[in-house]
Each structure stands twice: as structure tokens, then as C-alpha cells.
Amino acid sequence: MMQDRLREIQARMCQAAESVGRDPASVTLIAVSKTRSIPELQAAYDLGLRHFGESKVQEAIPKVEALPTDITWHFIGHLQSNKARKCAEYFSVIHSLSSEGQLKEIEKGSNAVDGLIEINIAQEPQKSGILPSDLDQFGTSALQYKRTQIRGLMTIGPQVDNPEEMRPWFRTLANLSASVGSGWKSMGMSSDFEVAIQEGASHIRVGTALFGERV
Ligand SMILES: *Cc1c(COP(=O)(O)O)cnc(C)c1O
């Protein structure tokens, strides 16, 4: 049952936060609802969830239109510049900013968004996000785009076998984020959100642990 899975996630979130003296309420749980049906999202909403994460604009539009309006929609997927303006019409937070092209397109629309800069934290080839060394420059150029308010950083990070292996990467992101916007840190997924919370995550993105395996 989704209710049991949610309770367990919330208990683990509390435990992780308290283990480092953090207020559990300072961590936002984003229900990653990509590939899930509208009734599944509605069930999550009925359990009290108000933050949802989607990774494709076209897939998200019918969900945004069908579900109640007090949801905060987070865009967490790869964002092509030519979809960025549309994305800003439906999402209030975009976690995957990594090019000025995206910011230019958002600027042409009429919606303001909160933005997170995606960092390729382990500098992996083929991975999306900007390199840590490009952050200062990108952060400075982003300031000229008034419809995007940069709030902090997001990372996915490398595939690891043991969530403890993510700790140094999460710590690096937290250090980098200190001077960016409000210092939001979107990090941690089903397999490693406790480590992310211990390292300062403000937003965790959880799909499988909440909804079950994706098909
Ligand atoms: C799918 C996805 C998640 C959720 O992953 P789970 O392992 O199902 O929790 C989190 N972040 C991003 C960027 C994703 O694409």
C-alpha cells in the first residue's frame, strides 16, 4: 500500500534528519510521478503529498491539468531549450538548468519559475548538468534573466552500489550551493535519500520507494 510506503519514507526522513540535528520539516519530499497514472497521483495527493516531480513536459501536462491546483510541480528531467518556455507554464520549480538557452526561452514567456542549476558533480562524461568549475560563470549569467529565480543546485550523481558512496558527492554539492540563491539542495532519491538528508538536502526526489517499481 502506498500509505505504508509513505509512512516508512517519512519515518526514515525523520530519523535521518534527527541523526544530524536537522528539523525534518526542513526537507521537502518530492513524489517523483513520472510514468504513473493520474489515479496514482491522486492517491498520493490524498495521502497529503503536495510536491510532485515529472521528467517530461508533454507527459506532465494532462496530470497538471487533472490534479488539484495546490500542488507544486517540479521539473526534474533533461530540458531541451525549445521546451523550456512551455515547461515554465506548467512547473513552478525547474531542477535541471544547465544552459543559457533554457533561460532565454523561459524569459520569452510570462511565467516566473524557481530554478536549480544541475551540477554534474562527479564530472562524468555524457552526464547532464554543468561542471562545478563552470558554476560561477553560469550563476552570474543567470542573474540577468528575471523570470528565473535561481534558488540553489541539483544533482543526480553517479550510480553506486552502496548509498554511503554518495556521501562525498552530496557533501561537495552542499558546499558548492552555499553561495547560490537560497542554498536549496535537490539531492537524494529512493536509494540514497537518508545520506542526502544527513548532508543537507532541502529537497529529495523519491519515486520507486513511494509508488513501487516503474514498469
Ligand atoms: C526518476 C528520477 C528520480 C526518482 O528515482 P527513484 O529511484 O525512483 O526514487 C529522481 N530524480 C530524477 C532526476 C529522476 O529522473
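Numbers given to residues run from 1 along each chain, matching the order in which its sequence is written. Reporting in this predicted model follows two pLDDT cut-offs: at least 70 for local features of residues, and 80 or more for side-chain atom pairs to be given and counted; totals over whole chains, interfaces and linings ignore these cut-offs and use all residues. By convention in this description, side-chain values take in all heavy atoms of the structure and omit both hydrogens and water.

Asker: Account for the overall build of the protein, naming residues and giving values.
Answerer: Of regular secondary structure, the protein possesses nine helices and eight strands. The globule rule is 2.2 Å times the number of residues to the power 0.38, and the radius of gyration it is compared with is taken over C-alpha atoms. Taken over the C-alpha trace, the protein has a radius of gyration of 16 Å; the compact-globule value for 215 residues is 17 Å, and the two agree within 12%. Classification of residues uses two cut-offs on accessible area relative to the type maximum, computed with a 1.4 Å probe and protein chains only: under 20% is buried, over 50% is exposed, and between them is partly exposed. For the protein, with 215 residues in total, the buried portion stands at 48%. We call two residues in contact when some of their heavy atoms are within 4.5 Å. For the protein, the share of sequence-separated contacts (at least 6 apart) that also reach a separation of at least 24 residues comes to 53%. Labels follow the DSSP assignment, with helices taken as runs of H or I lasting at least four residues and strands as runs of E lasting at least two, numbered in each case from the N terminus.

Asker: For the site of the ligand, give the residues involved together with the corresponding values.
Answerer: Each residue is tested against the molecule or strand, and it is near if at least one of its non-hydrogen atoms lies within 4 Å. Close contacts around the ligand come from Val 32, Lys 34, Ile 76, Ile 156, Met 189, Ser 190, Arg 205, Val 206, Gly 207, Thr 208 and Arg 214, and that covers them all. In protein, a polar contact means a hydrogen-donor-capable atom and an acceptor-capable atom, both N or O and within 3.5 Å, with residues adjacent in sequence counting only if both atoms are side-chain atoms; elsewhere, any N or O pair within 3.5 Å suffices. Within the side chain of Arg 205, a nitrogen or oxygen atom sits 2.9 Å from a nitrogen atom of the ligand. Contact distances for the ligand include 2.8 Å between an oxygen atom and a backbone N or O atom of Gly 207. Taking 390 Å² as the accessible area of the ligand by itself, protein coverage stands at 87%. In this classification, Asp, Glu, Lys and Arg are treated as charged, Ala, Val, Leu, Ile, Met, Phe, Trp, Tyr, Cys and Pro as nonpolar, and every other residue, Gly included, as polar. For the shell around the ligand, the per-class residue count stands at five nonpolar, three polar and three charged. For accessible areas, the Shrake-Rupley method is used with a probe of radius 1.4 Å. Any residue's cover is judged against the shown protein chains and nothing else.

Asker: Give a detailed account of unusual backbone geometry, specifying residues and quantitative values.
Answerer: Glycine aside, the phi torsion of most residues is negative, and most peptide linkages are trans. The backbone of Thr 35 shows a phi angle near 70 degrees, a positive value even though the residue is not glycine. Within the secondary structure layout, Thr 35 lies in the loop between β1 (28-32) and α2 (38-46). Classification of Thr 35 by relative accessible area gives partly exposed; the value is 49%. Of note in the backbone geometry, Gln 126 takes a positive phi value of approximately 75 degrees without being a glycine. Tracing the backbone shows Gln 126 in the loop between β5 (113-118) and α6 (135-142). Relative accessible area serves as the criterion here: at 83%, Gln 126 is assigned to the exposed category.

Asker: Tell me about the pattern of salt bridges, residues and numbers included.
Answerer: By definition, a salt bridge exists where a carboxyl oxygen of Asp or Glu is found within 4 Å of a side-chain nitrogen of Lys or Arg. Scanning the model with the defined rule gives eleven salt bridges in all. Among the salt bridges present, the one from Lys 108 reaches Glu 105, with a minimum N-O distance of 2.6 Å. Of this pair, Lys 108 and Glu 105 both sit in helix α5 (residues 100-108), separated by three residues, roughly a single helical turn. Between Glu 199 and Arg 171 there is a salt bridge, with its nearest N and O atoms 2.8 Å apart. With Glu 199 in the loop between α8 (193-198) and β8 (203-206) and Arg 171 in helix α7 (residues 167-177), the pair connects residues that are 28 residues apart, well separated along the chain. On the accessibility criterion, Arg 171 (44% relative accessible area) is partly exposed. What you see here is one network of salt bridges that share partners, running through Glu 164, Arg 167, Arg 171 and Glu 199.

Asker: Tell me what's going on with the packing of aromatic side chains, and back it up with residues and numbers.
Answerer: Given two aromatic rings, one states the distance between the centres and the angle between the planes to describe the pair. Pairing of aromatic side chains here covers Phe, Tyr and the six-membered ring of Trp, requires ring centres within 6.5 Å, and sorts the geometry by plane angle: under 30 degrees stacked, over 60 edge-to-face, intermediate tilted. Evaluation of the coordinates by the stated rule reveals two aromatic pairs. With a centroid separation of 5.2 Å and an interplanar angle of 80 degrees, the aromatic rings of Phe 75 and Phe 91 are classed as edge-to-face. Separated by 16 residues along the polypeptide, Phe 75 in strand β3 (residues 72-75) and Phe 91 in the loop between α4 (81-90) and β4 (93-97) bring together distant segments of the chain. Take Phe 75: its relative accessible area is 1%, and that puts it in the buried class. Sitting over the face of the ring of Tyr 45, Arg 50 holds its NZ or CZ atom 3.5 Å from the ring centroid. Only Lys NZ and Arg CZ are tested; either one counts as a charge over a ring when it is within 6 Å of the ring centre and within 35 degrees of the ring normal.

Any link to function would need more than the numbers given here.
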